[in-house]
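Residue strings, one per chain:
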Amino acid sequence: MSSSHALRPRPLGLVVMAALATAGLSAPAHATTNTTGTPELPVGFSTAKIDRSVDPRQDFYRFAAGKWLDQAEIPASDADLGGFSMLGHRLDARLLALIQQAAAGGEAAKGTARQQVGDYFRAAMDDARRDALGLEPLKADLAALAEAKATPADLGRLAGLLVDGYSSSPLVNAIAMPDAKDSSTYRLVLLPGSQLLEQDEYALPEHQGLRDRYRAYIGAMFRAVGDTPEAAAAHADRILAIESRNAAAIMSLMDMRDPAKTYNVMTFDEAQAFVPALDLRVFLSTVGIEAPERVQVLDVNALKDLQGLLTDVPADDIKLLLRWFIVASRASELGQPYRGLESEFSRERRGLATAPEAERIVTQQIAMQLYHPLSQLYVEAHFPESTRREITEMVGHIKEEFASRLRANAWLDDDTRTAALEKLAKIDIQVGYPATWVDFTPLDIRPDDHFGNVQRATRFAYLREMSRVGQSVLSDRFAVAGKTTPIAVNSAYNFTTNTIDITAAILEAPFFTVGGDPAANYCSIGGVIGHEITHGFDSLGRQYDAKGNLRNWWTAQADAQFKQRTDVLVDQYSHYEILPGLMHNGAMTVTENTADLGGITLAHAALQRHLARHPEAKAAVEGLSADQRCFVAWTQTWAYKGRPERLRYLVSVDVHAIASVRAVAPLLHLDAFHAAFGTRPGDAMWRAPEKRVVIW
Ligand SMILES: [Zn+2]
């Protein structure tokens, strides 16, 4: 979550996980201001959000959530407002209280969750010490960089130094992932260098304003570190030129989601041959990793282009780029003026009126870096076992519903159906928190060394991941920082393990309310559960089998039938205009849109089973039938407002549709929706039966 505040390079990764939302990019809202963005409306399902002056057949979004939309205001230090950010507000406030308690305690034994969380917070909040240190924490690395030559060994060492101390390098990166074709072992994957902006942001005309601000930011930072104004301005131009070149050379986000394009396994020497100018063995050994015999190269062209970069561009410019990365990746951990410059650029980039408060930034940083220690404190304090039981039971009902629909499915042939049922039966779904926590005890967190804490925690996480190369795959649950930890507002399906983690943090309003209306709970959190389950069968997930291996188990006939249906969704979602002239990318969001359609379909159907067992819940509430409440709840859960900067950013990078589109678009395919509200030909919400897509 903290990556949404600080400008940190995001290493491009293989996609092996489909999450409910791009949690790492979303911005849980302010911990201390009004948490709903409205004067009085609750976060969860409420008939008070309905605007009854609007005809649901003409504008269902306004009908279901109109009162909320009228009142909701995006808080000054937030980029958007919706279910995730409202829940994020409450979560952050709870986490901050736990962190402050831990920091006040002061006597916890070294290596315990309370000691680590408390001391991390105390060091991070010590502005005076950070200011007094100035650039000191970077000195040794900047000196090593200044002395380096442009030899292959030196460039390898520098790339390693960046990965080790600063999370990623702009030249090359390495991660460990389960092998897509043999998901029982981990493989070392070489990734392209990272950039500080997103790929599209270097190229598309709608991001020109951002590029100008980025250039000014680079210049300001170089002046702050002591360069002359002329030199700083020239540096900014050169850095932007090199980063733009690199961004243009790497695979598009769409291609990166295609295993056929990324599964390039070869010997280490073959990979090295693409880039003789940088010694990959030295790169890995600098980070503490032994070079394996075989590696996967995610993006072969990017590695070839790196060779071009290192030979075409003067060595001084490469060193300049690395110098920029060292300063920019950790500016937010330094004292003033560096931290302030970073925060100001981040604020502008996100279109915020005011920067988020320091406590909130640190809370989210602790949630990312000390993810399990803080999760343990959260689960103890806020996650009831009864919720775990109730959701586990709901998961069972939704799985059953999916199985019976697969058995009755009219477009699947028998072979594909059998394989699908086998895969479904093997999906392991866990709720709340893991059976085993990651052992953080060896991590040294000190009360007076913020910069060191950040680097040690980064290294701890990285080495833990990399130590698995060549080992068998651990079923590591709820342990992807910012995505699947118990304190991430999210849920995720992992293709390579065929598992789903539903986090403790998402089991709150608006997704779930203890003792709430079953119609609302089924069509909010139940929709989420259904969404994740169908990910195993969407255009990406269905390339993996029941064991999580990349293997095509679909007949050509089933494949064609599936594609015919998802093509309709691609077309539908491409017609939503997000900002004037800015259209949604139906192709990029198709897997998530398919999952949303599957999610609400399964949730609604599972609700019918629930109602059959509990007929008392069928009664109308304030004139709304159970089906009507189900669809209103779905729409209210996804109702959303975003700043233009946020919307442009999401349209560029997010594989999910914008939440306000998710709020209604999938409903239009459900016969039950049209029946519940009596839509007719000519109504704006009408979608003719032959244009409705039934996938599951
Ligand atoms: Zn998803």
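Nothing here was measured: the structure is a model prediction, and the numbers come from that model. (Residues numbered from 1 in each chain as written. Predicted model: local features only at pLDDT ≥ 70, side-chain atom pairs only at ≥ 80, totals over all residues.)

**Description of the overall build of the protein**
Along the backbone of the protein there are 27 helices and twelve strands. On C-alpha atoms alone, the protein measures out to a radius of gyration of 25 Å, which is about the 26 Å that the 2.2 N^0.38 rule sets for 696 residues. Expressed as a percentage of the 696 residues in the protein, the buried residues total 53%. (Helix = DSSP H or I, 4+ residues; strand = E, 2+ residues; numbered from the N terminus. Rg over C-alpha atoms; globule rule 2.2 N^0.38 Å. Buried ≥ 20, exposed ≤ 12 C-beta atoms within 10 Å, placed from the backbone.)

**Some details on the packing of helix 2 (residues 83-105) against helix 17 (residues 371-382)**
Running from N to C, helix 2 and helix 17 point in directions that differ by 110 degrees, and their axes come no closer than 10 Å. Considering the angle they form, helix 2 stands roughly perpendicular to helix 17. Taken together, the residues of helix 17 that come into contact with helix 2 (itself represented by R94, L95, L98 and A102) are L374, L377, Y378, A381 and H382. Here the residues of the contact of helix 2 with helix 17 sort into seven nonpolar, one polar and one charged. (Axes fitted to C-alpha atoms, helices over the stretch in contact; angles between N-to-C directions. Parallel < 35°, antiparallel > 145°, perpendicular 65-115°, else oblique. Contact = placed C-beta atoms within 7 Å. Nonpolar A, V, L, I, M, F, W, Y, C, P; charged D, E, K, R; others polar.)

**What to know about helix 22 (residues 556-574)**
Because each turn of an α-helix spans 3.6 residues, side chains separated by three or four positions in sequence point in the same direction. Between the first and last C-alpha of helix 22 there are 26 Å, a value that for 19 residues agrees with the 27 Å anticipated at 1.5 Å per step. Of the positions making up helix 22, those classed as buried are A558, F562, T566, L569, Q572 and Y573. Viewed end-on, helix 22 has its buried residues packed into an arc of 100 degrees, placing them on one side of the element. For helix 22, exposure combined with an orientation more than 90 degrees from the buried face picks out A556, A560, K563, Q564 and D571. Along its buried surface, helix 22 packs onto helix 19 (414-426), helix 23 (590-613) and helix 26 (659-662). (Expected span 1.5 Å × (residues − 1). Arc of directions from axis to C-beta.)

**A short note on helix 25 (residues 644-653)**
When helix 25 is considered as a whole, its buried residues turn out to be R646, L647, R648, Y649, L650 and V651. In this structure, the buried residues of helix 25 make contact with strand 2 (80-82), helix 15 (338-350), strand 10 (577-579), strand 11 (582-583) and strand 12 (640-642).

**Things to note about the nonpolar core**
Membership of the largest hydrophobic core comes to 122 residues, with the highest contact counts inside it found for V117, L374 and C523. Considering each element in turn, this core owes the most residues, ten residues, to helix 2. Beyond its immediate stretch of four places on either side in the chain, V117 contacts I99, A102, I366, L370, P373, L374 and L377. Residues Y186, A236, F274 and L284 belong to the second largest nonpolar core, which totals 61 residues. (Core = buried A, V, L, I, M, F, W, Y, C linked by C-beta atoms within 7 Å.)

**Details of unusual backbone geometry**
Leaving glycine out, the prevailing phi sign among residues is negative, and the prevailing peptide bond configuration is trans. Following Q336, the chain continues to P337 via a peptide bond in cis, the omega torsion being 5 degrees. Relative to the elements of secondary structure, P337 occurs in the loop between helix 14 (315-330) and helix 15. Geometrically, the link from A509 to P510 is a cis peptide bond, its omega value of 10 degrees lying close to zero. By the element assignment, P510 lies in the loop between strand 9 (499-503) and helix 21 (518-535). Residue S167 is not a glycine yet carries a positive backbone phi of 80 degrees.

**Things to note about the packing of helix 18 (residues 385-408) against helix 23**
Taken N-terminus to C-terminus, the directions of helix 18 and helix 23 make an angle of 110 degrees; their axes are 9 Å apart at the nearest point. Of the possible angle classes, the one that applies to helix 18 and helix 23 is roughly perpendicular. Seen from helix 18, the contacting residues are H397, I398, E401 and F402; seen from helix 23, they are L602, A603, A605, A606, R609 and H610. Of the residues belonging to the contact of helix 18 with helix 23, the class tally is six nonpolar, two polar and two charged.

**Points about the pairing of strand 9**
Of all five residues in strand 9, five are buried; the element is thus mostly enclosed. Pairing between strand 7 (residues 428-432) and strand 9: five bridges, direction parallel. Looking at the pairing, Q430 lines up with D501 of strand 9. Two strands pair when backbone bridges link them, and strand 8 (residues 491-494) and strand 9 are joined in this way by four bridges, in the antiparallel orientation. (Pairing = 2+ DSSP bridges.)

**A closer look at the confidence of the model for the protein**
When the pLDDT values of the protein are averaged, the result is 92; 94% of them are 70 or greater. Taken together, the stretch residues 1-7 has pLDDT below 50 and engages in 29 contacts with residues farther than four places along the chain or on a different chain. Segment residues 23-34 is flagged for pLDDT under 50; beyond a separation of four residues in sequence, or across chains, it makes 51 contacts in the model. (pLDDT = per-residue confidence, 0-100.)

**Some remarks on the sheet that holds strand 5 (residues 265-267)**
Read from one edge of the open sheet, four strands run 3-4-6-5, paired in mixed fashion. This sheet does not close on itself; its edge strands, each paired only once, are strand 3 (172-179) and strand 5. Averaged over all neighbouring strand pairs, the angle between strand axes comes to 40 degrees, with direction disregarded. By the bridge criterion, three bridges tie strand 5 to strand 6 (residues 294-297) in an arrangement that is antiparallel. Among the inter-strand pairings, V265 is bridged to a residue of strand 6, identified as Q296.

**A short note on the domain arrangement of the protein**
What the domain assignment lists for the protein is domain 1 (2-6 + 56-95 + 366-433 + 445-691) and domain 2 (135-333). In this structure, domain 1 and domain 2 have C-alpha centres spaced 33 Å apart. On the side of domain 2, 30 residues touch domain 1, which itself brings 30 residues to the contact. Those elements that place two or more of their residues in the side of domain 1 that touches domain 2 are helix 20 (450-466) and helix 25. A total of nine residues in the side of domain 1 that touches domain 2 trace back to one element, the largest contributor, which is helix 20. A breakdown of the residues in the side of domain 1 that touches domain 2 according to their chemical character gives 13 nonpolar, twelve polar and five charged. (Domains from an automatic or database assignment.)

**Here we look at the pairing of strand 6**
In terms of strand pairing, strand 4 (residues 182-192) meets strand 6 through two bridges, oriented parallel. Note on strand 6: the bridge partner recorded for L190 is V297.

**Some details on the environment of G83**
Along the chain, G83 falls in helix 2. Residue classification places G83 among the buried residues on the basis of 23 C-beta atoms within 10 Å. With 428 residues separating them along the chain, G83 and F511 place their C-alpha atoms 7.9 Å apart. Look past the residues within four positions of G83 in its chain and what remains in contact with it is P510, F511, T637 and W638.

**Focus on the environment of A425**
When you line up the elements, A425 lands in helix 19. With 10 C-beta atoms counted inside 10 Å, the residue A425 sits in the exposed group. Along the primary structure A425 and T228 are separated by 197 residues, whereas in three dimensions their C-alpha atoms are 65 Å apart.

**A closer look at the environment of T485**
Turning to its location among the elements, T485 is positioned in the loop between helix 20 and strand 8. On the basis of neighbour counts, which here come to 29 C-beta atoms within 10 Å, the residue T485 falls in the buried class. Sequence separation between T485 and T267 is 218 residues; the distance between their C-alpha atoms is 34 Å. The residues touching T485, leaving out its near neighbours within four places in the chain, are Y371, H372, S375, F478, A479, V480 and T503.

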